[in-house]
Amino acid sequence: MKNVNHLKQERGAIVAEMRLLLDDNTAFEAASKKVDAIDAEIRNYERMEALESGAAAVVPRDSMAGQMGSYSIRAAVAGAAEGRLTGLEGEVSAELAKGAPQTRGVRIPLAAIMGNLEQRDQTSVTAGATVNQKFGPLINRLKPASKVIGMGATVIQSTGYAPLVLPRHLTGQTPTWLSEGQSLTTSDSTWDQLTLAPLTVGSEAVLSRTLLKTNSLGVDSIIAGDLNYTLSEALDAAALGGNGTGNTPTGIWTSVAVTPAETLLSDTASDLIKAIDLADNGTGAFLLTTLAASAARKVKDTLNRPIAIEDQLHDYNFDVTNQFPTVEAITYGVWSDLVVAMWGGVDLVVNPYAKSSSGALVLDAFLDANVGTRHGSKSFAWSALTQTS
């Protein structure tokens, strides 16, 4: 029985064949009618799914946003390797390259790699730039492959390539109790700004030519999953431990002074909670490194019974990251105050020569991104643990 994925797969195969039929008007027209018929079937399936789920009307298939369901990373990579990037993949790459300071290879939309996305209102645009939604919803929150994003970090995609500037309110006006006839003393709010310039992070993967030639379901998800994993890991590590040197973002552990650890983890957690609560900046959550979580699991009471991590963290939410296997640290914060900014799409360079003896392709992926905190020590506190029991 067919489903939407099979129909999209069939549509993609026909479109690929049409590229070879440009000089045969009859065959090209016949293939085009097949695509139109499949589009109609897809619309029916999507309409039915929307009605059954109570969702809003589906995106029209004849719009560019609707056609993103037919976008193929495999086709983009294969086309780049052969030096003839055409069709939807070529059009998307050309559109994403507009305004980019440099394009190393083929550009693919972030949505194709980072998974399911939500469209939100908050989107950054640089001076003179316009919001371009031609290729579907802009990114505001990634599928939480990254722990810090899963904790609730704010993700913003900028449509331009200039630095992202976020105004930051530091202090408010000072209230005054007045006696009869006394005048108010003027006091002004103070502001500064969080400026995030695009920095480049890259990863490399090796793909067999057979894999790219395989026109089967799941190939795109394998490629996207590998790229998502490596790029999300890089963002995760930078958000916590980035030291701000060279081309590295400045993470929480660098921008916020460390809080001395207490003997008991529960006491350290209390100190971290207090640091944020004093700023009245909202309720936070804990993120523990693997070593910190392992040590916390070994904490026992006077009767040698394990004390749950939740109890040691005073019933606050927590998660564990394996990004720093040799670091024993605990971070508490209002994670929505962590900003993960990204610019443009993912830049892919396909190298068919590095491993030509095996027929494999080397795929280099580049992403322009940066991270920063809105309120620094008013949003985050952390401690490098020396002992937890």
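Refer to the structure above for everything that follows.
The paragraphs below set out a description of the structure included in this document.

The rules behind these values
- Per-chain numbering applies: the sequence of each chain, read as written, is numbered from 1 onward.
- Under the rules for a predicted model, residues below a pLDDT of 70 receive no local features and side-chain atom pairs below 80 are neither given nor counted, while totals for whole chains, interfaces and linings still include all residues.
- Only heavy atoms go into the side-chain values, all of them from the structure, while hydrogens and water stay out.
- Salt bridges are counted wherever a side-chain nitrogen of Lys or Arg sits within 4 Å of a carboxyl oxygen of Asp or Glu.
- Strands here are runs of E lasting at least two residues and helices are runs of H or I lasting at least four, both read from the DSSP assignment and numbered beginning at the N terminus.
- Relative accessibility under 20% of the residue-type maximum defines a buried residue, over 50% an exposed one, and the middle range a partly exposed one, all with a 1.4 Å probe and only protein chains included.
- Being paired, for any two strands, means DSSP has found at least two bridges between them.
- Structural elements are reduced to axes, namely lines fitted to C-alpha atoms, with helices fitted over the stretch in contact, and the angle between N-to-C directions of any two is expressed from 0 to 180 degrees.
- Any two residues having at least one pair of non-hydrogen atoms within 4.5 Å are treated as being in contact.

## Things to note about the pattern of salt bridges
Next up, step 1: Considering all chains together, one arrives at two salt bridges under this definition.
Next up, step 2: Ionic pairing is found between aspartate 319 and lysine 147, a salt bridge with its closest N-O pair at 3.3 Å. One end of the pair, aspartate 319, is in strand β7 (residues 318–321); the other, lysine 147, is in helix α7 (residues 147–150), and 172 residues separate them in sequence.
Next up, step 3: Taking the shortest distance from any N to any O, the salt bridge between aspartate 301 and arginine 305 comes out at 2.9 Å.
Next up, step 4: Exposure remark for aspartate 301: the relative accessible area of 25% places this residue in the partly exposed category.

## Examining the sheet that holds β7
Next up, step 1: Spatial ordering of the open sheet is given by β7-β6-β8-β11, a layout of four strands whose pairing is mixed. Since the sheet does not close on itself, it has two edges, and those belong to β7 and β11 (380–384), each with one partner. Sheet twist, expressed as the mean angle between neighbouring strand axes with direction ignored, is 20°.
Next up, step 2: Direction of pairing for strand β6 (residues 285–289) relative to strand β8 (residues 329–333): antiparallel, over a ladder of four bridges. By the bridge assignment, phenylalanine 286 is partnered in β8 with tyrosine 332.
Next up, step 3: Of the strands in this sheet, β6, β7 and β8 are in contact with helix α12 (residues 290–297), which crosses β6 at around 100°.

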